[in-house]
Amino acid sequence: AQSVAQPEDQVNVAEGNPLTVKCTYSVSGNPYLFWYVQYPNRGLQFLLKYITGDNLVKGSYGFEAEFNKSQTSFHLKKPSALVSDSALYFCAVRGMDSSASKIIFGSGTRLSIRP
Amino acid sequence: ETGVTQTPRHLVMGMTNKKSLKCEQHLGHNAMYWYKQSAKKPLELMFVYNFKEQTENNSVPSRFSPECPNSSHLFLHLHTLQPEDSALYLCASSQGTSGLYQETQYFGPGTRLLVL
């Protein structure tokens, strides 16, 4: 069965510092990986996805994520955090062997950027 | 603004009430989804519709009844809910799930439901 784990409930970073939000996954076959962000009282917004090709994926708002097949990870990163990046971040995975609709979301990581 | 709207944004209902949640997408997509987001739990996929046909029902209790009259509209009919059903209900759409595993989903703002 496929699964995704976000090991940190909360990540605290000072503004201007680099940030990392961790995600690991388990699927049979090749994964399709996604990051979504949720701001207060809003639905989820797409940030970036990995389908194939370059392991480093660049997305919205200066975020990027690196697909690491050997470590089954897809950590979200940003070189310099902004206070406005404070939100709830979700990693999601789909495996090629399952129905296209069976997307699995992680439990979310709350990112808090202090001024 | 993602092109997916949900109404109402907030709903309070008693356990004997019947209510409906509405979702509308203006993106020309063919697939629509209902999710449940509870505090401290992963986002749970409830139902998936593709070209108006239900393709996924993740063991959702029958007190939740979805309806998809066309590719742009999705409803979730609620009846005799329990307090533990209180949550944020999110609607999403994507191009179409006909084998396109890499589709991005576009989410609405959600309906926050409180069952008393």
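Residues numbered from 1 in each chain as written. Chains lettered and ligands numbered in written order. Predicted model: local features only at pLDDT ≥ 70, side-chain atom pairs only at ≥ 80, totals over all residues. Heavy atoms only, no water.

> What is the right way to read the overall build of chain B from this model?
Secondary structure summary: chain B contains zero helices and 11 strands in total. Listed N to C, the secondary structure of chain B is β-β-β-β-β-β-β-β-β-β-β in terms of helices and strands. In summary, chain B has a C-alpha radius of gyration of 13 Å against a globular reference of 13 Å for 116 residues, a match within 12%. With the C-alpha coordinates aligned to their principal axes, the bounding extent of chain B is approximately 40 × 30 × 30 Å. Burial statistics for chain B: of 116 residues in total, 49% are counted as buried. For chain B, the share of sequence-separated contacts (at least 6 apart) that also reach a separation of at least 24 residues comes to 55%. (Helix = DSSP H or I, 4+ residues; strand = E, 2+ residues; numbered from the N terminus. Rg over C-alpha atoms; globule rule 2.2 N^0.38 Å. Buried < 20%, exposed > 50% of the residue type's maximum accessible area, 1.4 Å probe, protein only. Contact = heavy atoms within 4.5 Å.)

> Sorry, what's going on with the nonpolar core here?
One broad rule of soluble globular proteins: the nonpolar side chains tend to lie buried together. Residues and elements named next belong to chain A. Counting residues in each nonpolar core, the largest one holds 27 residues, and the members touching the most others are Leu19, Trp35, Leu47, Leu48, Phe74, Leu76 and Tyr89. Sorting the residues of this core by element identifies β2 (10-14), β3 (19-21), β5 (31-38), β6 (44-50), β8 (64-68), β9 (73-78), β10 (87-95) and β12 (109-114) as the ones contributing at least two each. Sorting elements by how many residues they give to this core places β10 first, with four residues. (Core = buried A, V, L, I, M, F, W, Y, C linked by side-chain atoms within 4.5 Å.)

> What is the right way to read the side chain of A:Asp85 from this model?
Residue and element names in this part refer to chain A. Relative to the helices and strands, aspartate 85 resides in the loop between β9 and β10. By relative accessible area, which is 3% here, aspartate 85 ends up buried. A polar atom in the side chain of aspartate 85 sits 2.9 Å from the backbone nitrogen of leucine 82. With residues near it in sequence (within four places) discarded, aspartate 85 still touches Leu19, Phe63, Lys78, Ser80, Leu111 and Ile113. (Polar contact = N/O pair within 3.5 Å; in protein donor to acceptor, adjacent residues only side chain to side chain.)

> Any chance you could explain the environment of B:Glu53 here in plain terms?
All names here are of chain B. With respect to the helices and strands, glutamate 53 occurs in strand β6 (residues 53-57). Taking relative accessible area as the criterion, glutamate 53 reaches 54% and is therefore assigned exposed. Here the alpha-carbon distance between glutamate 53 and cysteine 68, two residues 15 residues apart in the chain, equals 7.6 Å.

> Is there a simple way to think about the pairing of strand β4 (residues 31-37) of chain B in this case?
A regular strand places its side chains so that they alternate between the two faces of the sheet. Residues and elements named next belong to chain B. Counting buried positions over the seven residues of β4 gives seven, a clear majority of the element. Both β4 and strand β5 (residues 44-50) contribute to a ladder of six bridges, which runs antiparallel. Along β5, the bridge assignment pairs tryptophan 34 with phenylalanine 47. Turn length for the β4-β5 hairpin, with the two strands adjacent in sequence and antiparallel, is six residues, and the turn residue lysine 40 shows positive phi of about 60°. In this sheet, strand β9 (residues 87-94) lies alongside β4 in antiparallel orientation, the contact comprising seven bridges. By the bridge assignment, methionine 32 is partnered in β9 with serine 93. (Pairing = 2+ DSSP bridges.)

> Teacher, can you tell me more about the sheet that holds strand β8 (residues 73-79) of chain B here?
Hydrogen bonds between backbone atoms are what pair the strands of a sheet, whose relative direction is either parallel or antiparallel. Residues and elements named next belong to chain B. In spatial order, the strands read β1-β3-β8-β7; together these four strands make up an open sheet with antiparallel pairing. Of all strands in the sheet, those with a lone pairing partner are β1 (4-7) and β7 (64-70), marking the two edges. Averaged over all pairs of adjacent strands, the angle between their axes in this sheet comes to 20°, without regard to strand direction. Here strand β3 (residues 18-25) runs beside β8; their pairing, made up of seven bridges, is antiparallel. Counted as the bridge partner of leucine 21 is leucine 76 from β8. (Axes fitted to C-alpha atoms, helices over the stretch in contact; angles between N-to-C directions.)

> It is not clear to me how the environment of B:Asn70 should be interpreted in this structure. Could you clarify?
Residues and elements named next belong to chain B. Considering the arrangement of structural elements, one finds asparagine 70 in strand β7. Take asparagine 70: its relative accessible area is 30%, and that puts it in the partly exposed class. On a C-alpha basis, the gap between asparagine 70 and glutamate 53 in space is 9.3 Å, while along the polypeptide they are 17 residues apart. Within the local environment of asparagine 70, its side chain forms a polar contact with the side chain of histidine 73, the two groups lying 2.9 Å apart.

> Help me out: how do you make sense of the packing of aromatic side chains in this one?
Ring pairs (aromatic) are described by centroid distance and by the angle formed between their planes. For the coordinates displayed, the defined rule picks out 12 aromatic pairs over all chains. With a centroid separation of 6.3 Å and 25° between ring planes, the pair formed by B:Tyr33 and B:Tyr35 is classed as stacked. Each of the two residues, B:Tyr33 as well as B:Tyr35, counts as buried. Seen in terms of ring centroids, B:Tyr35 and B:Phe107 are 5.4 Å apart; in terms of plane orientation they differ by 40°. Their pairing is tilted. Of this pair, B:Tyr35 sits in strand β4 while B:Phe107 sits in strand β10 (residues 106-107), and the two are 72 residues apart along the sequence. Per residue, the accessibility class of B:Tyr35 equals that of B:Phe107, and both read buried. Through successive ring pairs, a cluster of aromatic residues spans A:Phe34, A:Tyr36, A:Phe46, A:Phe105, B:Tyr33, B:Tyr35 and B:Phe107. (Phe/Tyr/Trp six-rings, centres within 6.5 Å; stacked < 30°, edge-to-face > 60°.)

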